[in-house]
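Per-entry structural report
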Amino acid sequence: GRRRGAEVALQIGLLESYDPGLAEVLAGCVNGGAGVGFLRPLDVEAAAEFWRSALENPDALTLVARDGERIVGTVRLILARQPNGRHRAEVAKLLVHPDARGQGVAAALMAALDELARAHARTTLVLDTETGGQAEHLYERWGWNRVGEIPQYAVTADGVLASTTVMTKRLGG
C-alpha cells in the first residue's frame, strides 16, 4: 500500500464487467470491520461471488475508483424501477480499500455518483449506514441529511446488533 497522503492518479468510471479488484476491496473493508452486510472473516472468493451476482442487476450502476489499474474503491447507484419512483435511487456499498483511505477516494466517488444520478434524472437519493460510524459523519459533510435511526437493524462484521441511520440527499433538478 501507499503511505497516507501519497499522491494518487485517481480515475473514476462505470464498471463494465466483473473485476477481481472488487472482491479485494470488499474483503479488505469487511475484514477491517466495515458493516456492509457481511461477517468477518470474509474470504476473497465469497466476496467475488457477491460481486458476480450483484453485477447482474440491470438497475444497479457500479462506479469504481482506480489508482492506475488497481481498483481502490467503489460505490453503487441502484435505480428505482417503480413508475412512481423514477426520480429516486439508493446508494450502496461505498467501499474504499483500507490501504487507500485518507486520499479523497470516497469523496471523489460520491461526487461522481451525484453526477451519475443527475444523468439518470434521479433527484432523491437514500442510503443507510451504521449509526455512530465514521461514514455517518462523512455523509453529513457531503450534504446528506439524517432521516432517522432504526434500532438493532443489522449485525456488525463482528456479529453484534447495531442501529442504522437512514439518510437522504436531494439533488437539484
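Check the entry above for the structure.
Residues numbered from 1 in each chain as written. Predicted model: local features only at pLDDT ≥ 70, side-chain atom pairs only at ≥ 80, totals over all residues. Heavy atoms only, no water.

**Brief notes about the layout of surface pockets**
Over the atoms a probe the size of a water molecule is rolled, and this reveals where empty space is left. So the rule is basically this: In this analysis the probe radius is 1.4 Å and the grid spacing 1 Å, with only protein atoms considered; a cavity is a set of points the probe fits into but cannot get out of, a pocket is an open set with protein on both sides within 12 Å along at least five of seven lines, and lining residues have an atom within 4 Å of a point. Grid points are joined across faces, edges and corners, and a volume is the space filled by probe spheres set on the points. Here a strand is any run of E in DSSP of at least two residues, a helix any run of H or I of at least four, and the numbering for each starts at the N terminus. Residue type decides the class: Asp, Glu, Lys and Arg count as charged, Ala, Val, Leu, Ile, Met, Phe, Trp, Tyr, Cys and Pro as nonpolar, and the leftover types, Gly among them, as polar.
In this structure, the largest pocket encloses a volume near 1100 Å³. Together, 41 residues line the largest pocket, and Ala 34, Val 36, Leu 94, Thr 129 and Ala 135 are the ones closest to its centre. When contributions to the lining of the largest pocket are tallied by element, the ones reaching two or more residues are strand 4 (88-96), helix 3 (105-119), strand 5 (124-130), helix 4 (134-141), strand 6 (145-155) and strand 7 (161-170). Along the lines of polarity and charge, the residues of the lining of the largest pocket split into 21 nonpolar, 13 polar and seven charged. A volume near 160 Å³ is recorded for the second largest pocket. Lining the second largest pocket are 13 residues; nearest its centre among them are Leu 15, Leu 55, Ala 60, Leu 61 and Thr 62. Top element by residues in the lining of the second largest pocket is strand 2 (residues 60-67). It accounts for three residues.

**Section: unusual backbone geometry**
Note that the residue after Arg 40, namely Pro 41, is joined by a cis bond; omega there is 5°. With respect to the helices and strands, Pro 41 occurs in the loop between helix 1 (20-31) and helix 2 (44-54). The backbone phi angle of Ala 121 is positive, close to 60°, even though this residue is not glycine. Tracing the backbone shows Ala 121 in the loop between helix 3 and strand 5.

**Some remarks on the side chain of Thr 129**
Here is the rule: Residue burial is assigned from relative accessible area. The probe radius is 1.4 Å, only protein chains are included, and a residue is buried under 20% of its type maximum, exposed over 50%, and partly exposed in between. In what follows, a contact means two residues having at least one pair of non-hydrogen atoms within 4.5 Å.
Topologically, Thr 129 is positioned in strand 5. Assessed through its relative accessible area of 10%, Thr 129 is described here as buried. Residues contacting Thr 129, with those up to four places away along its chain left out, are Ala 135, Glu 136, Tyr 139, Ser 163, Thr 164, Thr 165 and Met 167.

**Section: the pairing of strand 7**
The following threshold applies: Strands are treated as partners if at least two bridges between them are detected by DSSP.
As judged from the seven bridges shared by strand 5 and strand 7, these two strands associate in the antiparallel manner. Residue pairing across strands places Leu 125 opposite Lys 169, the latter belonging to strand 7. Across seven bridges, strand 6 lies against strand 7 in antiparallel orientation. Note that in strand 7 the partner of Ile 150 across the bridge is Thr 164.

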